[in-house]
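Reading the structure
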Amino acid sequence: QTMSIPNTVTIIGEYAFSECENLESINIPYGVTEIGEYAFYECSLESIDIPNSVTEIGGYAFHSNNFTTLEIPNSIVEIADSAFNRCNLLTSVTIPNSVITIGWEAFAYCRNLKDLTIGNSVTTIEQGAFGSCDALESLTLPESLTTIGDEAFFGCNNIPSITIPKNVTSIGDEAFFVGKSNSRQTIYCMGTTPPTIGSYTFGAYNSNYYPVKGSYPIYVPKESVETYKNAPTWSGLADRIKAAIDY
């Protein structure tokens, strides 16, 4: 089914089309400023064009839909919790420079998400934001980033190398935990001051599916090797910390 929203509408309210399972296409006119929580929850939208007039997308707004590509408009500052969670056919996401925060599980379990562009204003990626997006094969984090939440990229098993930008000050528990200990090859931490890290931040499951700290090398600035090794949350990873000049 297809539906066009009248041009006079400015707000699509909470639960407006929630669980309309046969809704495959919707026309959202320019002039809509807000899409409420659960507005299109568990519909069957095959494509979505969100106009630049929209400044707020509520939590769970597009949870479990069928579109394959997504371009967030540059009028959005925050991507709400679980807004696009479990959009299993989604393969490409572009997050514009206007976005500062990517919320809790915003894109979690988007199992076919392969192409991800994160704008250069994002400072916070919250808990589980891209958890179990296991089709991702590369990841470029913006220099603006300061905080990476718990399990932010948990189970993103096919990204061989990750670079942590220099301005990151905090990385949560299991943020880059992988399903297999040999599925990641390197981590590069660019900051001269070690960010605070949590439990199993760079961990993995061993052959018995028991969580371990992982074994792949972590490269840091040459002048900061000892600083990292002696940092309270990093000391357990001292044997994996190497000078970036060595890679």
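Refer to the structure printed above.
In what follows, the accompanying structure is described. Every value quoted in this text rests on a predicted model; they were computed, and no experiment measured them.

Along its length, the chain carries 1 helix and 20 strands. For the chain, the C-alpha radius of gyration of 19 Å lies close to 18 Å, the compact-globule estimate for 247 residues. Taken along the three principal axes of its C-alpha coordinates, the chain extends 60 × 35 × 25 Å. Per-residue burial for the chain yields a buried fraction of 50% across its 247 residues. Contacts spanning at least 24 positions in sequence make up 33% of the contacts within the chain whose residues lie at least 6 apart. Accessible surface, the chain: about 11,200 Å² in total, of which carbon and sulfur atoms supply 44%. When the 11 positive and 27 negative side-chain charges of the chain are each reduced to one mean point, those points stand 18 Å apart.

Side chains Leu116 and Ile118 project from strand 10 (residues 115–118) onto a buried face, and the interleaved Asp115 and Thr117 project onto a face without burial. In this structure, strand 8 (residues 92–95) lies alongside strand 10, joined through 4 bridges in parallel fashion. Looking at the pairing, valine 93 lines up with leucine 116 of strand 10.

So, about the sheet that holds strand 6 (residues 69–71). The strand order 6-8-10 describes an open sheet built from 3 strands, whose pairing is parallel. Two strands close off the open sheet at either side, each with one partner strand: strand 6 and strand 10. Along the sheet, successive strands turn relative to each other by an average axial angle of 5°, direction set aside.

Let's shift gears to the pattern of salt bridges. Any two side chains of opposite charge can pair if their charged atoms end up close together. Enumeration over the complete set of coordinates arrives at 2 salt bridges. For aspartate 134, the salt bridge is made with arginine 111, and the minimal N-O distance between the two is 3.0 Å. In this pair, aspartate 134 sits in the loop between strand 11 (124–125) and strand 12 (147–148) while arginine 111 sits in the loop between strand 9 (101–102) and strand 10, placing the two residues 23 residues apart along the sequence. Taking the relative accessible area as the measure of exposure, arginine 111 reaches 38% and is therefore partly exposed. A salt bridge links lysine 114 to glutamate 137; its shortest N-O distance comes to 4.0 Å. Of this pair, lysine 114 sits in the loop between strand 9 and strand 10 while glutamate 137 sits in the loop between strand 11 and strand 12, and the two are 23 residues apart along the sequence.

Looking now at the sheet that holds strand 7 (residues 78–79). Pairing in this open sheet of 6 strands is parallel, and the strands run 7-9-11-12-14-16 from one edge to the other. Here the strands that pair on one side only, and so sit at the sheet edges, are strand 7 and strand 16 (196–197). Of the strand pairs in this sheet, strand 9 and strand 11 are connected by 2 bridges, and their pairing is parallel. By the bridge assignment for strand 11, isoleucine 102 is matched with isoleucine 125.

So, how was this worked out
Here, residues in each chain are numbered from 1, in the same order as that chain's written sequence. Local features in a predicted model are, by the rule used here, given only for residues with pLDDT of at least 70; side-chain atom pairs are given and counted only at 80 or more, and totals for whole chains, interfaces and linings are based on all residues. To obtain the side-chain values, all non-hydrogen atoms of the structure were used and water was disregarded. In DSSP terms, a helix is any run of H or I states spanning at least four residues, a strand is any run of E spanning at least two, and both are numbered starting from the N terminus. Using C-alpha atoms as the atom set, the radius of gyration is obtained and then compared with a globule rule of 2.2 Å times the number of residues to the power 0.38. Exposed residues in this analysis have more than 50% of their type's maximum accessible area, buried residues have under 20%, and partly exposed residues fall in between, with area computed by a 1.4 Å probe over protein chains only. Here, two residues are considered to be in contact whenever any of their heavy atoms come within 4.5 Å of each other. For the area figures, the Shrake-Rupley method with a 1.4 Å probe applies, and any residue is considered shielded solely by the protein chains shown. The charge count includes Lys and Arg as positive and Asp and Glu as negative, but it does not include His or the ends of the chains. A charged residue contributes its charge at one atom only: NZ of Lys, CZ of Arg, CG of Asp or CD of Glu. Only strands joined by at least two bridges in the DSSP assignment are considered to pair. Working convention: axes come from line fits to C-alpha atoms, limited for helices to the stretch in contact. Angles between N-to-C directions cover 0 to 180 degrees. Here, a salt bridge means any side-chain nitrogen of Lys or Arg that lies within 4 Å of a carboxyl oxygen of Asp or Glu.

By themselves, these observations are geometric and do not establish any function.
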